[in-house]
Amino acid sequence: MAFKRPFGEIGDDDNNGSRYLKRQQQQRHHQRLNPHGNSIAVMEQIEFLKEYVAAQMETSIQSIRQRAKLSQTRSFHLKFRSTLPPRLFTGNPIEADGEGDKHVKIVLLDSNSGDVVQHGPLSSIKIELVVLDGDFEAEGKEDWMEEEFSNKVLHERKGRRPLLVGDCVIPMTRGVATIYNVQVTDNSSWVRTKRFRLGARVANGVFVEAGIREAVSNPFEVKDRRGESYQKHSKPSLHDDVWRLNMIRKDGPYNRRLAENGIHTVKDFLRQYNINQSFLHKILRASNKSWEAIVKHATSCTLDDDQCFAYWCEAEGIGLLFNCVWMVIGVTFDGNWYQTPDKISKYQKVEKARQMASENPS
């Protein structure tokens, strides 16, 4: 009796049957070479899927946790009340930018009212100062996770001193902490942004039931102290060397040309500027752009208003009053006193008297 062929084993078409037999032969050949090949491939795919699913679940869980934490905005937060200068030098005390009180202050604020917490246990907690990477973008954020802050804390490079030294743990008084003696010991050139930030958080070992958000300062650059002697001053003083002005390099061509004409300080520069601007420009031989930058920086300094000079021009019957850099700040003639010399009708006479005074500055 003839047995029927199982369905689908070999088709009625000889070509289909040939292809099927060929595939069977290839599979048997492959299995002889690697009898566990198919099993290994399947197991690898299963392991990959397991890892992928686990990673996706972990990401989702972390996202949910983060949203949950941020939805519960911390009730209090620390804040830098002072702005730090854009550039600091290693070993120098950290001070506030601008004029006035140089002490950097940090306050504890109620996140709801915005008021300083002046009473209660929180008003006298201890805070810890740390150095942060300059790329920590705190501006515009209502809150962040504690892990975000901690991950941006920087530590000293191998073989170096602690990055921050001095009184780095500070007690608050009526919700205010003041930095008195803290220095950065290393420059900021080794981080990607080339800048640091200063951070403040509740000190280790201090238990606070209420959540307190950390404080983050503005970014700043730190240079090695040996470069401080060549540092330009953002607001020069009258007694600064003239090379402290923008665009004038120490011992550079501008510096030498000015020195050759008796101009050594910012005060000397401004006096010559007020006497004869065109002559000063000719001395420098600077481009218009450089000239404008130098003059803008020089004229930003604070003048000693207590020092004034008077000059009486007998020929013109005009009296002039100069400030400490020989700028005319007052004129008297015909029994009248003027504080805006360029607005009076006899301005040409005033200018002539000023030129005569500049030739006899003593």
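In this text the structure is predicted, and so the values were computed from the model without any measurement.

### A look at helix H5 (residues 266-275)
Working step 1: Counting buried residues in H5 gives 9 out of 10 residues, a clear majority hidden from the surface.
Working step 2: When we look at burial in H5, the residues that qualify are Val 266, Lys 267, Phe 269, Leu 270, Arg 271, Gln 272, Tyr 273, Asn 274 and Ile 275.

### Focus on helix H4 (residues 253-260)
Count 3.6 residues to each turn of an α-helix, and residues three or four apart come out pointing the same way.
Working step 1: Listing the buried residues of H4 in full gives Tyr 254, Asn 255, Arg 257 and Leu 258. Within H4, the buried residues cover an arc of 165° as seen down the axis, which keeps them to one side.
Working step 2: On its buried face, H4 is in contact with H5, helix H6 (277-284) and helix H7 (288-298).
Working step 3: At the C-terminal side of H4, Gly 262 shows a positive phi close to 75°.

### Points about the packing of H6 against H7
Working step 1: Interaxial distance between H6 and H7 falls to 11 Å at its minimum, and their mutual angle equals 120°. Regarding H6 and H7, the two cross each other, and that crossing is right-handed. Here H6 contributes Gln 277, Leu 280, His 281 and Leu 284 to the contact with H7, which in turn contributes Asn 288, Trp 291 and Ile 294.
Working step 2: Of the residues that constitute the contact of H6 with H7, the class distribution is 4 nonpolar, 3 polar and no charged.

### A word on the packing of H5 against H7
Axis angle and axis distance: for two packed helices, these are the angle between their axes and the distance between the axes, and together they describe the pair.
Working step 1: Two elements in contact, H5 and H7, have axes separated by 10 Å at closest approach and are oriented at 115°. Between H5 and H7, the angle falls in the class roughly perpendicular. Two packed elements cross with a definite hand, and for H5 against H7 that hand is left-handed. For the pair H5 and H7, contact is made by Val 266, Phe 269, Leu 270 and Tyr 273 and by Trp 291, Ile 294, Val 295 and Ala 298, respectively.
Working step 2: Here the contact of H5 with H7 is built from residues that sort into 8 nonpolar, no polar and no charged.

Conventions used here
- Each residue is numbered by its place in its chain's sequence as written, counting from 1.
- The predicted nature of this model means local features are confined to residues of pLDDT at least 70 and side-chain atom pairs, given and counted, to a pLDDT of 80 or more, with totals for whole chains, interfaces and linings taken over all residues.
- Hydrogen atoms and water are omitted, and side-chain values are computed over all heavy atoms in the structure.
- When a residue's accessible area, from a 1.4 Å probe over protein chains only, is under 20% of the maximum for its type it is buried; when over 50% it is exposed; and in between it is partly exposed.
- The secondary structure listing takes helices from DSSP runs of H or I that are at least 4 residues long and strands from runs of E that are at least 2 residues long, numbered from the N terminus.
- Starting at the helix axis, one direction is taken to each C-beta atom, and the arc is that of these directions.
- When checking whether two residues touch, look at their non-hydrogen atoms; a contact exists if any pair is within 4.5 Å.
- Axis lines are fitted to C-alpha atoms, over the contacting stretch for helices. Their N-to-C directions set the angle, which ranges from 0 to 180 degrees.
- By definition, turning the near helix anticlockwise from the far helix through less than a right angle yields a left-handed crossing, and turning it clockwise yields a right-handed one.
- Under the scheme applied, nonpolar residues are Ala, Val, Leu, Ile, Met, Phe, Trp, Tyr, Cys and Pro; charged residues are Asp, Glu, Lys and Arg; polar residues are all the others, including Gly.
- Under this scheme an angle from 65 to 115 degrees is roughly perpendicular, one under 35 degrees roughly parallel, and one over 145 degrees roughly antiparallel; angles in between are oblique.

Bear in mind that shape data such as this cannot, by itself, settle questions of function.
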